[in-house]
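Chain by chain, the residues run as shown.
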Amino acid sequence: MTYASQRDAFSHTKQELVVVGVRECQNHYSIDWHGGGHALQWILHSESIDNAAWTKTSVTVTPDTIEAPDGTMTADEVAFNATNDAFTQTAVGANGVVTSRAWTGSIFMKIPTGTETVTLRVTNAGGTEAGDVQVTLTDSWQRFFMHKLFSGTPTDNATLTVIRLAGDSVSTLHAWGGNLSRNPGDQDRVIKWPYRANNTGSASLLTTFVSRCSVEDAGDGARCMYSRPTCQDPDNFNAGNVWESEPRLQGIREYRFCKSDAAIPTIGEDVYPYLTGVPSAAQKIEPERAVTVNARITFEFDDDASPGLWNPRQQSEGGLVNTQSGAGTFWRRWSTIYRGFSNPECYVDRKVGFVESGVTEADFQTRGRYLMKRLQFDDRKARLVCTDRLKLTRKSMPGTLSSSNVLRFPMQDVQNLIELEDCGEIPTPAVNAAQANPDYVVTLEIEPGTANSEKVNVTSIDIDANEATIQRGRWGTQARSHPVMSEVRVIYEFGTERTDTSGVPLGKNTIDCLREMYMFAGIDYDEFDHATFDSERDTWLFTLIDPSTGSSYGPAVRRTLTETIEVEKLAGELRELTGLMVFVTQGKKISCRMFAPVVPGTTVATLTDDANIVSGSVSLEEDDEERISRVLIGYDIGDGDDVSGDAVEDYARVRVEVDASAESRNYYGEPRQKVLLTKWLEPTISTEPIDSAAAYFTSHVMSRFRHGRRVMKAELSIKDDDIEVGDPVRVQTSHIQDEHGNDYDGTMYVTSKRVSGNKITIEAIDTFGVLERAWFYADTGLPDYDSANDDDRVTAYLADSFGMVGTGTNRRIGYKAT
Amino acid sequence: MAFPIIGYRSMLGLSTTTITDPGTETGFSIASLHDMKSYTLWKSDQTASAVNIDIDAGAGGENADYIALVNHNLNTLGATVRVLADTVDPPLVEVLAAVTPDEDTVTYISFTAPGAKRYWRITINHAALPFSDKPNIGDCYMGMKTTMPEFLTSDFSPFFTAYEVAGARSEGGHALSATIRGQVHRATMEFGGPAGVARSFHDSDLTTFASTHAMRRHPFFFVLDADDATFDRAFFIKMTDTGDLMREAVGGGWSGRLTFTMPVEEAYMEPPE
């Protein structure tokens, strides 16, 4: 059964999996097995298939055609033409012989589109013994492994080959990063090591080790625990590569826990039934501010005596492990072995699923990824306190350089390297900083505030050489020469550079700015739900900005950040301006939702008294305090960050929108004002109407807060666990009624969710009377109203002159264009 | 109707015993086979060939008349379990013919004790190799069983199973769902009722069980009635953490008989059937 069928079954056995990923060294302890070249990585020019170190058989290699798994433009294209076409490399040197030895070879490969097959082979040079595996290539990078334990007969050297055999379908593939190493203990199995580059060409330079721990084993069993706090050779600690696909190759060890009061899910892995509770502060969207309160979650575990062998993986792969028996409990030792958490690389994943025959971990649904904050002990319990990954936004940007960190040498206007006293103070550029649309841009301003000021974008930093590669004359400035000791500062530009980068920059979409600052804060590109960000942007905050012509349409923002500010504060300003809710989805993605009408085609869950809402759980709160009748926005701060911006007087322009009728004695009878002071509408957007943008934002804030808010709190059964924070839900309940006594049937947005036992507690804000009604041009393919489903009926049909849609029993209030 | 059986002795966990397998899957340990923790798995790295778990019980040898497994995948794999014992290495004498466990949860299989032998082999095989997945076992006991000389009292439910459930009811009054946490096996076992068990049996068998196992809350296997097709299933249970093992004098004296009352609970929560 699948997750969905178990969830919908009347009875089921619910379980939770908590996967805790902590930093683990990927070396094997001590050098005792290094003899005979065990620990060497034998492939030379591992990232250059075009190099002569690789023997090509009828294949054509084009070097550096696409981005490699590590983000560099070093992956080669290899064209195969016929069966037995191949590229291959044989280990060079006396210790590379295969006789009675086991070897593991690996290489990263992908193809442009679709799926094709090719064979990865580990063989001796003479080809008399071989381990072959046919692998399926896709359009994503995968690292493929193969191993071979050779007999005592062959006496030549180990070889790694990629070959098109009969039955393989490959035509053109991309390849990068070949590795070949001898297995510890010559074990007859694949032994995976994090990829190690060797871009030299001489056998005498074979100094790249897959395992590089240099500690001598004292033979007393008191070895390290493969963690940083227990490491005895910190200089060679092996944290793997962040861009590899498997946790272990990223330097991560995962521990799996499940709830102690339910059957253990048998998934072929150790699962410790220590989890006794998950008291959590639910992730919550504050509707009046659209600010997401980070979920704080505490995993409560039982402790366990005699945790036993601590590093079974290393032992089963032939590595030496700590054999000191000692006493101690699981969590007491765990906390010492992994003291201090390496966030954001370390993580806690929470997954929910059901126990059934044949269940695998893939059948469990992710319900969040968290950062570890602290581990507390209380009696015999261990409590792991975590928070969601939006906490990373507590980081500040753009950062500062020391006042003494100035130009070390004079710079000419054509120079693309900058040398400061300490380039290590420059924020790390995005991995794709040199490409067309980088995740974010690190900008330096040289000689700021002078006529000779120049802004440059940093694409890479070489800490060892203390220099940074830069792009000159950016963000409306021109490349200029600068004298030695010139002042340099880090700034951040939210905006769009002109094609001619010396032109005045344009504004940028607010949602794109948000993503940029989050990525600057350390959230990876892949952690975003980009489809939703894009769709919310293009539906509700559409902008069209043309860097070549300079034309601009829509409510774009523009800001130059010269002082360091917390990313969360910056994001909060934008979210307040736009009404955007940002949150972490159950699928571990950072996502967003505009507080706006539901778009046609959106799947909306329906919650009813009969089928969903738990008896006696509904409560309502009508909050009039947040109602406003006028909005004041101050913008165009003039000299930007030189003034505080805390007072309306700091701004050159002010716009006020008033709902006069709401303030009359016939209605609410009092004015209530909301003030927005924003530095995001700068006058440098010379070619676009910032007044229009200000008008757009004020009118939307006005309409959103025109009425007080109504929040419903209710419990649901666990079968409704797919409902997420940020989701619109259609609620049908007798607990809310209209003036005629009809049951409520309307749309709410889920602003909070907490799972406890077999129940879910949600809070949802009612959109009725809060959102302006909107109508949409119906998508092609939508049927006539009478044939449409309920979801489409409430969103996609234009009313007649009576304000109604449909006929007969289907007739209801529709959307009238006036 | 057979007397209840307790399986707590196991040669696998003895300090004098050495256990080897042809290959342990990366990340797993052979020691997990006998750590009394059903949730830490031993997992073989083999699928293509039979897996021999070899036990060297030391010079003195060990005897066994049962093998019991918990939290394994041998039923799903259609794998068989066979036991050999001998004075030579590898052992050649079959003491348990290949048999497929009836379930993946708790398995108890008895055989005729061959007498103390130094070398034992548990062979996991399949009629049509390879295995569809790598064999794994949470815990394995192999040793001499303890057959109780008395039956349990009549208030002991022979099904010895309940489902722990949490449910929810809707605003409209309907039962929304039932979340079954799993099978619980909780009862107070009173062997022989107020009349207890013979003092001689207590001294020869139960004292060791009580002091080295039950009161240390070590889990053990339990079979209520090996002769009954309904009640011959095995349980992996332990004494409750807070309960007391009651051994009281019978009729004012303790030379003839002692009561033996033990509150127990599941050590491994099985999913609902």
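Residues numbered from 1 in each chain as written. Chains lettered and ligands numbered in written order. Predicted model: local features only at pLDDT ≥ 70, side-chain atom pairs only at ≥ 80, totals over all residues. Heavy atoms only, no water.

J.: I tried to follow the overall build of chain B on my own but got confused; where do I start?
T.: The secondary structure content of chain B amounts to two helices and 20 strands. Relative to the compact-globule value of 19 Å for 273 residues, chain B shows a C-alpha radius of gyration of 20 Å, a close match. The C-alpha extent of chain B, read off along each of the three principal axes, is 65 × 55 × 30 Å. Here chain B, with 273 residues, has 53% of them falling under the buried criterion. Of all intrachain contacts in chain B linking residues separated by at least 6 positions in sequence, the fraction that spans at least 24 positions is 74%. Element-wise, carbon and sulfur atoms account for 51% of the exposed surface of chain B, whose accessible area totals about 10,900 Å². (Helix = DSSP H or I, 4+ residues; strand = E, 2+ residues; numbered from the N terminus. Rg over C-alpha atoms; globule rule 2.2 N^0.38 Å. Buried < 20%, exposed > 50% of the residue type's maximum accessible area, 1.4 Å probe, protein only. Contact = heavy atoms within 4.5 Å. Areas by Shrake-Rupley, 256 points an atom, 1.4 Å probe, with all protein chains shown as cover.)

J.: How should I be thinking about the overall build of chain A in this particular structure?
T.: The helix and strand tally for chain A stands at nine helices and 44 strands. Looking at chain A as a whole, 55% of its 818 residues qualify as buried. For chain A, the accessible surface area stands at approximately 32,900 Å², while carbon and sulfur atoms represent 47% of it.

J.: It is not clear to me how helix 2 (residues 199-214) of chain B should be interpreted in this structure. Could you clarify?
T.: For an α-helix, 3.6 residues make a turn, and residues three or four places apart therefore share a direction. Residue and element names in this part refer to chain B. An ideal rise of 1.5 Å per residue puts 22 Å on 16 residues; helix 2 reaches only 18 Å between its terminal C-alpha atoms. Its axis deflected by about 50° at Leu 206, helix 2 carries its strongest bend there. Among all positions in helix 2, only Phe 201, His 202, Asp 205, Leu 206, Phe 209, Ala 210, His 213 and Ala 214 are buried. (Expected span 1.5 Å × (residues − 1). Bend = angle between axes of the 7 residues up to and from the residue.)

J.: Can you walk me through the interface of chain A and chain B in this structure?
T.: Accessible area lost when the parts come together is the quantity often used to give the size of an interface. Taken together, the contact between chain A and chain B spans 46 residues of the former and 36 residues of the latter. Here chain A packs against chain B, burying approximately 3,100 Å² in sum over the two surfaces, 51% of which is carbon and sulfur. In terms of surface lost to chain B, no three residues of chain A exceed Phe10(A), Asp270(A) and Asn758(A), which account for 17% of the buried area on that side. Applying the counting criterion to the chain A and chain B interface returns three salt bridges. Across the salt bridge formed by Lys37(B) and Asp304(A), the nearest N and O atoms sit 3.3 Å from each other. Where chain A packs against chain B, one counts 26 residue pairs in polar contact (both at pLDDT 80 or more). Elements supplying a minimum of two residues to the side of chain A that touches chain B: strand 1 (11-12), strand 14 (272-277) and helix 2 (312-316) of chain A. The dominant element in the side of chain A that touches chain B, judged by the number of residues it contributes, is helix 2 of chain A, at four residues. When its residues are assigned to classes, the side of chain A that touches chain B shows 18 nonpolar, 15 polar and 13 charged. Bridging between strand 1 of chain A and strand 13 (residues 175-184) of chain B involves two bridges; their strand directions are parallel. When the bridges of strand 13 of chain B are listed, Ser11(A) appears paired with Ala178(B). (Buried area = accessible area lost by both parts, 1.4 Å probe. Salt bridge = Lys/Arg side-chain N within 4 Å of Asp/Glu carboxyl O. Polar contact = N/O pair within 3.5 Å; in protein donor to acceptor, adjacent residues only side chain to side chain. Nonpolar A, V, L, I, M, F, W, Y, C, P; charged D, E, K, R; others polar. Pairing = 2+ DSSP bridges.)

J.: So what exactly am I meant to see when it comes to the sheet that holds strand 19 (residues 253-258) of chain B here?
T.: Each strand in a sheet pairs with its neighbour through backbone hydrogen bonds, running either in the same direction (parallel) or in the opposite one (antiparallel). All names here are of chain B. Pairing within the open sheet is antiparallel, and its three strands lie in the order 15-19-18. With partners counted over all chains shown, the strands left at the sheet margins are strand 15 (197-198) and strand 18 (249-250), one partner each. Sheet topology places strand 15 next to strand 19; two bridges connect them, and they run antiparallel. If you follow Val 197 over to strand 19, its bridge partner there is Leu 258.

J.: Sorry, what's going on with the environment of Ala249(B) here?
T.: Residue and element names in this part refer to chain B. Its place among the elements puts Ala 249 in strand 18. On the accessibility criterion, Ala 249 (35% relative accessible area) is partly exposed. Taking the C-alpha atoms as reference points, Ala 249 and Glu 25, 224 residues apart in sequence, are found 52 Å from one another. Sequence-distant contacts of Ala 249, defined by excluding residues within four places in its chain, comprise Trp 254 and Leu 258.

J.: Is there a simple way to explain the pairing of strand 17 (residues 234-239) of chain B in this structure?
T.: In summary, the side chains of a regular strand alternate between the two faces of the sheet. Residue and element names in this part refer to chain B. Burial runs high along strand 17: six of the six residues are buried. Neither face of strand 17 is open: one carries Ala 234, Phe 236 and Lys 238, the other Phe 235, Ile 237 and Met 239, and all of them are buried. Across four bridges, the pairing between strand 16 (residues 220-223) and strand 17 is antiparallel. Pairing of Val 223 across the sheet is with Ala 234, part of strand 17. Note that strand 17 and strand 20 (residues 260-266) share three bridges and pair antiparallel.

J.: It is not clear to me how the pairing of strand 20 of chain B should be interpreted in this structure. Could you clarify?
T.: Residue and element names in this part refer to chain B. Counted residue by residue, strand 20 has seven buried out of seven residues, so it is predominantly covered. Bridge count between strand 14 (residues 187-191) and strand 20: five bridges; the pairing is antiparallel. If you follow Ala 187 over to strand 20, its bridge partner there is Val 264.

J.: Is there a simple way to think about a positive patch on the surface in this case?
T.: Residues and elements named next belong to chain A. A surface patch of like charges, here positive, comprises Arg 296, Lys 373, Arg 374, Lys 391 and Arg 394. With respect to the element layout, Arg 394 can be found in the loop between strand 21 (381-388) and strand 22 (396-397). Overall, Arg 394 belongs to the partly exposed group, its relative accessible area being 45%. (Patch = residues over 30% accessible without salt bridge, like charges linked within 9 Å, V, L, I, M, F, W, Y side chains within 5 Å. Lys, Arg positive; Asp, Glu negative; His and termini not counted. Charge placed at Lys NZ, Arg CZ, Asp CG, Glu CD.)

J.: When you look at the packing of helix 4 (residues 510-520) of chain A against helix 5 (residues 530-540) of chain A in this model, what are you seeing that I'm missing?
T.: Between two packed helices, what matters for the description is the angle formed by their axes and the separation of those axes. Residues and elements named next belong to chain A. Interaxial distance between helix 4 and helix 5 falls to 9 Å at its minimum, and their mutual angle equals 150°. With respect to helix 5, the element helix 4 is oriented roughly antiparallel. Of helix 5, the residues touching helix 4 (which contributes Ile 511, Asp 512 and Arg 515) are His 530, Phe 533, Asp 534, Glu 536 and Arg 537. Per-class residue counts for the contact of helix 4 with helix 5 are two nonpolar, one polar and five charged. (Axes fitted to C-alpha atoms, helices over the stretch in contact; angles between N-to-C directions. Parallel < 35°, antiparallel > 145°, perpendicular 65-115°, else oblique.)

J.: Would you explain the nonpolar core in this entry?
T.: Soluble, globular proteins show a tendency: their nonpolar side chains are buried together. Residues and elements named next belong to chain A. Formed by 66 residues in total, the largest nonpolar core has its most connected members in Met 397, Ile 418, Ile 426, Met 517 and Tyr 518. Ignoring any residue separated from it by four or fewer positions in sequence, one finds Ile 418 in contact with Leu 407, Met 411, Cys 423, Leu 444, Ile 446, Asn 466, Glu 467, Ala 468 and Ile 470. Among the nonpolar cores identified, the runner-up in size contains 47 residues, and Val 18, Met 225, Phe 299 and Phe 364 belong to it. (Core = buried A, V, L, I, M, F, W, Y, C linked by side-chain atoms within 4.5 Å.)

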